[in-house]
Amino acid sequence: MALGDSITYLDGHPAEADNRITKGYMARVVEKLPHIQYTNHGHNGWTTARMANAIETLGIQNADLYTVFFGTNDWWTSFPLGTISDYENSTGNKTMYGAYRTIINKIRNLNSDARIILITPMQRGDFVYFKNFKNNAYGSYKNKNDHSLSEYADAVKKIAASEKFPVVDLYYKSGIRLENMVKYKRVKDTATGEYKNYRYPDYINIPFNPETDEYPYPPDAIDMTYDGLHPSDKGLAVIAKMLVKAIKKY
């Protein structure tokens, strides 16, 4: 049972990625471990809290194994992190730690013997949604409201450590980094007005105008992501490989 945000939702929905991917990370896992079946509970744009608030109404089924993959939208929306005590004391869904506890409690109510694997958020580059250029966001190379994305990844790791859950650490150990999110970002040179391909970190201070500019990530810019944020086939293969390794232990 895969719980997560848009990166999880992409499994089985390649049109959501403008068909720039062929299959998601869970589809790749079951290719390697064909005795496993999976159900996708990924939701575009969801935070840990939104999942926690809705968890009693989603029809989440009993499963032997659950993966929980949130954090990137928590960071971008500046959702409060809280502390590990919010998790330990079940203080509710006003912090990421507290919302995580609601999710874990639900899983345990469904199956007290279930295996639970946590997945940290990935690093992220500059995101531009191909269907709506105004939906864009800068990457994890700088803080959002004084918080780094790494703090949200660290929160997931702290919860995993406190529960002795395995963790698939995409933020620190996947090799998916700011340098290889995309091969380049195609934006206008501020001096000449001509389009130019900028690699990271050179694109950081080059403005993108969603009203007038072309999409900055043509197909040959795809590397670990296809839009600066969501994993490409290459990135999804990395996630699947790490997840298979964790699952194989069971």
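Presented here is an overview of the structure given in this document. Source: prediction; values computed, not measured.

**With respect to the overall build of the chain**
Each helix and strand counted, the chain has nine helices and nine strands in total. For 250 residues, the compact-globule estimate of 2.2 N^0.38 gives 18 Å, and the C-alpha radius of gyration of the chain, at 18 Å, lies within 12% of that figure. With the principal axes as the frame, the chain shows a C-alpha extent of 60 × 40 × 30 Å. Burial statistics for the chain: of 250 residues in total, 54% are counted as buried. Long-range contacts, defined as pairs at least 24 residues apart, comprise 68% of the intrachain contacts of the chain with a sequence gap of at least 6. Approximately 11500 Å² of the chain is accessible, and the part contributed by carbon and sulfur atoms is 46%. In the chain, the 31 positive side-chain charges and the 28 negative ones have mean positions that sit 5 Å from each other.

**A few points about the layout of surface pockets**
Any empty space left between the atoms is revealed when a probe the size of a water molecule rolls over them. Here the largest pocket is characterised by a volume of approximately 390 Å³. At the level of elements, strand E3 (65-69) and helix H9 (233-248) are the ones that each hand at least two residues to the lining of the largest pocket. Counting residues per element, the lining of the largest pocket draws most heavily on E3, at three residues. Residue composition of the lining of the largest pocket, by class: eleven nonpolar, six polar and three charged.

**Let's talk about the sheet that holds strand E7 (residues 167-168)**
Strand order in the open sheet formed by five strands is E2-E1-E3-E4-E7, and the pairing between neighbours is parallel. The strands lining the two open edges of the sheet, one partner per strand, are strand E2 (40-42) and E7. In this structure, strand E1 (residues 2-4) lies alongside E2, joined through three bridges in parallel fashion. Paired with Leu 3 across the strands is His 41, a residue of E2.

**Topic: the side chain of Asp 189**
Relative to the helices and strands, Asp 189 resides in the loop between strand E8 (185-188) and strand E9 (195-198). Buried charge Asp 189 goes without a salt bridge, the closest partner of opposite sign being Lys 196 at 4.3 Å. Polar contacts involving the side chain of Asp 189 include one to the main-chain amide nitrogen of Ala 191, which spans 2.7 Å. Sequence-distant contacts of Asp 189, that is, excluding residues within four places in its chain, are made with Glu 194, Lys 196 and Tyr 198.

**Topic: the packing of helix H2 (residues 25-32) against H9**
For the pair H2 and H9, interaxial distance at closest approach is 8 Å and the crossing angle is 50 degrees. The orientation of H2 relative to H9 falls into the category oblique. Once H2 is placed against H9, the crossing between them reads as right-handed. Only Asp 233, Leu 236, Ala 237, Ile 239, Ala 240, Leu 243, Val 244 and Ile 247 of H9 make contact with H2, whose side of the interface consists of Tyr 25, Met 26, Arg 28, Val 29 and Lys 32. Per-class residue counts for the contact of H2 with H9 are ten nonpolar, no polar and three charged.

**Notes on the pairing of strand E6 (residues 132-137)**
Bridge count between strand E5 (residues 127-129) and E6: three bridges; the pairing is antiparallel. Opposite Val 128, over in E6, you have Asn 136 as the bridge partner. The antiparallel hairpin formed by E5 and E6 contains two residues in its connecting segment.

**Remarks on the pairing of E8**
Only one face of E8 is covered, namely the one carrying Lys 185 and Val 187; the face carrying Arg 186 and Lys 188 has none of its residues buried. Summarising the sheet, E8 and E9 pair through four bridges and their orientation is antiparallel. Counted as the bridge partner of Lys 188 is Tyr 195 from E9. If you look at the hairpin formed by E8 and E9, you'll find six residues sitting between the two strands, and Gly 193 has a positive phi there, around 75 degrees.

**Regarding a positive patch on the surface**
A grouping of Lys 32, Lys 173, Lys 241, Lys 245, Lys 248 and Lys 249 is seen on the molecular surface, where their side chains present a positively charged patch. Considering the arrangement of structural elements, one finds Lys 32 in helix H2.

**Points about the packing of aromatic side chains**
Going through the model one piece at a time under the given rule, you end up with twelve aromatic pairs. Between the aromatic rings of Trp 75 and Trp 76, the centroid separation amounts to 5.8 Å while the plane-to-plane angle is 55 degrees, which identifies the pairing as tilted. Looking at Trp 75, the relative accessible area reads 0%, which means it is buried. On the numbers, 4.8 Å between centres and 65 degrees between planes, the contact of Tyr 171 with Tyr 172 is edge-to-face. According to the relative accessible area criterion, Tyr 172 is partly exposed, its value standing at 42%. Every member of this aromatic cluster is reached through a ring pair, and the members are Phe 133, Phe 208, Tyr 215 and Tyr 217. Arg 101 extends its terminal NZ or CZ atom over the ring of Tyr 87, reaching a point 5.1 Å from the ring centre.

Conventions used here
- Residues numbered from 1 in each chain as written.
- Predicted model: local features only at pLDDT ≥ 70, side-chain atom pairs only at ≥ 80, totals over all residues.
- Heavy atoms only, no water.
- Helix = DSSP H or I, 4+ residues; strand = E, 2+ residues; numbered from the N terminus.
- Rg over C-alpha atoms; globule rule 2.2 N^0.38 Å.
- Buried < 20%, exposed > 50% of the residue type's maximum accessible area, 1.4 Å probe, protein only.
- Contact = heavy atoms within 4.5 Å.
- Areas by Shrake-Rupley, 256 points an atom, 1.4 Å probe, with all protein chains shown as cover.
- Lys, Arg positive; Asp, Glu negative; His and termini not counted.
- Charge placed at Lys NZ, Arg CZ, Asp CG, Glu CD.
- 1 Å grid on protein atoms, 1.4 Å probe; cavity = no way out; pocket = protein on both sides within 12 Å on 5 of 7 lines; lining within 4 Å.
- Points joined across faces, edges and corners; volume = space filled by probe spheres on them.
- Nonpolar A, V, L, I, M, F, W, Y, C, P; charged D, E, K, R; others polar.
- Pairing = 2+ DSSP bridges.
- Salt bridge = Lys/Arg side-chain N within 4 Å of Asp/Glu carboxyl O.
- Polar contact = N/O pair within 3.5 Å; in protein donor to acceptor, adjacent residues only side chain to side chain.
- Axes fitted to C-alpha atoms, helices over the stretch in contact; angles between N-to-C directions.
- Parallel < 35°, antiparallel > 145°, perpendicular 65-115°, else oblique.
- Left-handed = near helix turned anticlockwise from the far one by under 90°.
- Patch = residues over 30% accessible without salt bridge, like charges linked within 9 Å, V, L, I, M, F, W, Y side chains within 5 Å.
- Phe/Tyr/Trp six-rings, centres within 6.5 Å; stacked < 30°, edge-to-face > 60°.
- Lys NZ or Arg CZ within 6 Å of the ring centre and 35° of its normal.

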